[in-house]
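# Coordinate analysis (summary)
Next come the chains, spelled out residue by residue.
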Amino acid sequence: MSEAEAATDQNLAGKLGFKNGDLIQELGYDEDVDFDFRANLEALIGSELLTEEDQEVVDGVILWWRNDDGDLIDALVDSLTTLDDGGVVWLLTPKSGREGYVAPNDIQEAAPTAGLHSTTSAGVCDDWAAARLVARRKS
């Protein structure tokens, strides 16, 4: 990978708003995840992504989700277990036309039930779309 490609990939990982020193937990890891994106995210934060078994309080969660992975609401609720106040969940789903595609409408319906709302989306890699989910503000 050239320096220009590495810088571009680093910028894509940076679109998620994470910075050096952040603790990020990764959920839904499987052989179909984008390994370049993961490597660039780890380079950006300066450490490895935490696994599903880790119980540390984290600044963010990366949740890889496919249509046949089960109940999205349950997965979103589970993603909040170790998330610090003000933390963010990035839901990565296969892009339209890819195996495991999740319709945006499904995300919009599941997020509020899990206590989250979608604030933005980002194109972070070729095969995966990313939706930024944050906890609803308490009134």
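Residues numbered from 1 in each chain as written. Predicted model: local features only at pLDDT ≥ 70, side-chain atom pairs only at ≥ 80, totals over all residues. Heavy atoms only, no water.

Below, the discussion takes up the pairing of strand S1 (residues 24–27). Going residue by residue along S1, you find Ile24 and Glu26 tucked away on one face and Gln25 and Leu27 tucked away on the opposite face as well. Bridge analysis of S1 against strand S2 (residues 58–64) gives four bridges, and the strand direction is parallel. Residue pairing in the sheet places Leu27 in a bridge with Leu63 of S2. As a crossover connection, the stretch from S1 through helix H2 (residues 35–45) into S2 is left-handed. (Buried < 20%, exposed > 50% of the residue type's maximum accessible area, 1.4 Å probe, protein only. Helix = DSSP H or I, 4+ residues; strand = E, 2+ residues; numbered from the N terminus. Pairing = 2+ DSSP bridges. Right-handed = clockwise from strand over helix to strand, strands pointing away.)

Attention now moves to the pattern of salt bridges. Counted by the stated rule, this structure contains six salt bridges. Between Arg66 and Asp32 there is a salt bridge, and its shortest N-O distance comes to 2.8 Å. Of this pair, Arg66 sits in the loop between S2 and helix H3 (72–79) while Asp32 sits in the loop between S1 and H2, and the two are 34 residues apart along the sequence. A relative accessible area of 7% places Arg66 in the buried class. The partly exposed category is assigned to Asp32, whose relative accessible area is 33%. Residue Asp69 is joined to Arg66 by a salt bridge in which the shortest nitrogen-to-oxygen separation is 2.8 Å. A residue is classified by how much of its surface remains accessible, and Asp69, at 32% relative accessible area, is partly exposed. (Salt bridge = Lys/Arg side-chain N within 4 Å of Asp/Glu carboxyl O.)

On to the environment of Glu56, then. For Glu56, the location among the structural elements is in the loop between H2 and S2. Counting along the chain gives 33 residues from Glu56 to Leu23, while the straight-line C-alpha distance between them is 8.5 Å. Contact partners of Glu56, with chain neighbours within four places excluded, come to Leu23, Leu50 and Thr82. (Contact = heavy atoms within 4.5 Å.)

With respect to topology, five strands assemble into an open sheet ordered S1-S2-S3-S5-S4, the strand pairing being mixed. Unpaired on one side and paired on the other, S1 and strand S4 (116–123) mark the two borders of the sheet. Across this sheet, the average inter-strand angle for adjacent strands is 25 degrees, counted without regard to direction. Of the strand pairs in this sheet, S2 and strand S3 (residues 83–94) are connected by six bridges, and their pairing is parallel. If you follow Ile62 over to S3, its bridge partner there is Trp90. Sitting on the sheet, H2 is in contact with S1, S2 and S3, with an inclination near 175 degrees to S2. (Axes fitted to C-alpha atoms, helices over the stretch in contact; angles between N-to-C directions.)

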